Amino acid sequence: MRTENPPAGGASDARAARDRLSAARFAAAAAVLAIVGAVAIASMPAPRAPVPSAPGSSGALQLYYESGFPTPGEEPLERPVGVAVMADRVYVADSVAGVVRIFDERGVPRSIVGSGTLSVPTYVACDAARRQVFVTDRKAKALFVFDADGSSLRRLEVTGAPAPAGRSAEATSWEPLGVAAGEDGSIFVTDVSGRHALLLLDASGRVRRAVGGAGDDAPVVVALEYPNDVAIVGPEVWLSDSNNGRVLVFDDAGAYLRAITVRGVVRGLAAIPGTDAAPAAVAGVDALAHDIVVWDLRG
């Protein structure tokens, strides 16, 4: 009996056919997965908030990490809360140490203010025109002021603050927290005592206006719940109304302008200057999310 040999190349052709079949099956499976994935993505709910796009290149705000204070080998901070900058000096309120520490722009310590006088310093603000630095001390229930070089620490006597309902002005003790200094010598201070208010002081410490709580005579009455910090942003004043989950914006006379809703608990606020030194953005410290949030000037 004669056995016929398979034609030359028959085995390799069969393998090639199997490979083509496997590739076709893989391609079909990949196509099905792609369709399923596209349908799943299309059916997903929209994100809770749009992810902000990166700023453009023309005059955009660019933030970069440079260094940490203090420099290695120096005495560490214990619990820094407030920070402010004036010229080449950086002022940091260390609430546990009970002092304000002054650094140069490289983080080298220059001096210490308030040893034995401050109790729990919280926020710091600089008045560059008058070369003064303000620091609030909630435990001492006081607003202190000292010169830019760290000398002449004194308590600023505040007068004319409205009393909460049912209490006399004489019996009222305030609890200052956030502070900001205006170019005209005015001082904005948040008060988290019984009234929970934003106080506008003149340079002598007299209250010119109270926003929130007792004494608010604005057309729009704004109820504040733990106003934490305040920042002057051009002609506007921004206030972190922490427990209400928002940032409020007023004009420099204390009249309400608008509100920015936040999901966290914003405490510290600071205006970020642009290339021409005018405010370009506002930064807020979200203590709940452990983030720094940056808004444009429209919020």
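Each remark here, short or long, concerns the structure printed above.
Attention in this report is confined to the structure presented alongside it. (Residues numbered from 1 in each chain as written. Predicted model: local features only at pLDDT ≥ 70, side-chain atom pairs only at ≥ 80, totals over all residues. Heavy atoms only, no water.)

Attention now moves to the nonpolar core. Ranked by internal contacts, the top residues of the largest apolar core, which has 18 residues, are Phe134, Leu143, Val179, Ile187, Val189, Leu199 and Leu201. If you list the elements that add at least two residues to this core, you get strand E5 (121-127), strand E7 (142-147), strand E9 (176-181), strand E10 (187-191), strand E11 (197-201) and strand E12 (207-211). Grouped together as the second largest cluster of nonpolar side chains are 16 residues, Leu118, Cys126, Val135 and Phe144 included. (Core = buried A, V, L, I, M, F, W, Y, C linked by side-chain atoms within 4.5 Å. Buried < 20%, exposed > 50% of the residue type's maximum accessible area, 1.4 Å probe, protein only. Helix = DSSP H or I, 4+ residues; strand = E, 2+ residues; numbered from the N terminus.)

So, about the pattern of salt bridges. Scanning all chains against the criterion turns up nine salt bridges. Its salt-bridge partner being arginine 130, residue aspartate 127 comes within 3.3 Å of it at the nearest N-O pair. One salt bridge connects lysine 141 with glutamate 175, and the closest N-O pair in it is separated by 3.4 Å. In this pair, lysine 141 is assigned in the loop between strand E6 (132-137) and E7 and glutamate 175 in the loop between strand E8 (154-156) and E9, connecting sequence segments 34 residues apart. Among the residues examined, lysine 141 registers a relative accessible area of 33% and is labelled partly exposed. (Salt bridge = Lys/Arg side-chain N within 4 Å of Asp/Glu carboxyl O.)

What follows deals with the sheet that holds E6. Taken together, four strands build an open sheet; the order of strands is E5-E6-E7-E8 and the sheet is antiparallel. Looking at strand neighbours, the two that pair on one side only are E5 and E8, the edges of this open sheet. Strand-to-strand twist across the sheet, computed as the mean angle between neighbouring axes with direction ignored, equals 30°. Pairing analysis gives three bridges linking E7 to E8, with the strands arranged antiparallel. When the bridges of E8 are listed, valine 145 appears paired with arginine 154. (Pairing = 2+ DSSP bridges. Axes fitted to C-alpha atoms, helices over the stretch in contact; angles between N-to-C directions.)

This part is about the packing of aromatic side chains. For the structure shown, the criterion picks out four aromatic pairs. With 5.4 Å between their ring centres and 45° between their planes, phenylalanine 69 and phenylalanine 103 make a pair best called tilted. Of this pair, phenylalanine 69 sits in the loop between helix H1 (10-43) and strand E1 (80-86) while phenylalanine 103 is found in strand E3 (residues 99-104), placing the two residues 34 residues apart along the sequence. Judged by its relative accessible area of 28%, phenylalanine 69 is partly exposed. The interplanar angle of 75° and the centroid separation of 6.2 Å between the aromatic rings of phenylalanine 250 and tyrosine 256 together place this pair among those described as edge-to-face. Given the relative accessible area of 1%, phenylalanine 250 is considered buried. (Phe/Tyr/Trp six-rings, centres within 6.5 Å; stacked < 30°, edge-to-face > 60°.)

Note that every value here comes from positions in space, so none of it alone points to a role or purpose.
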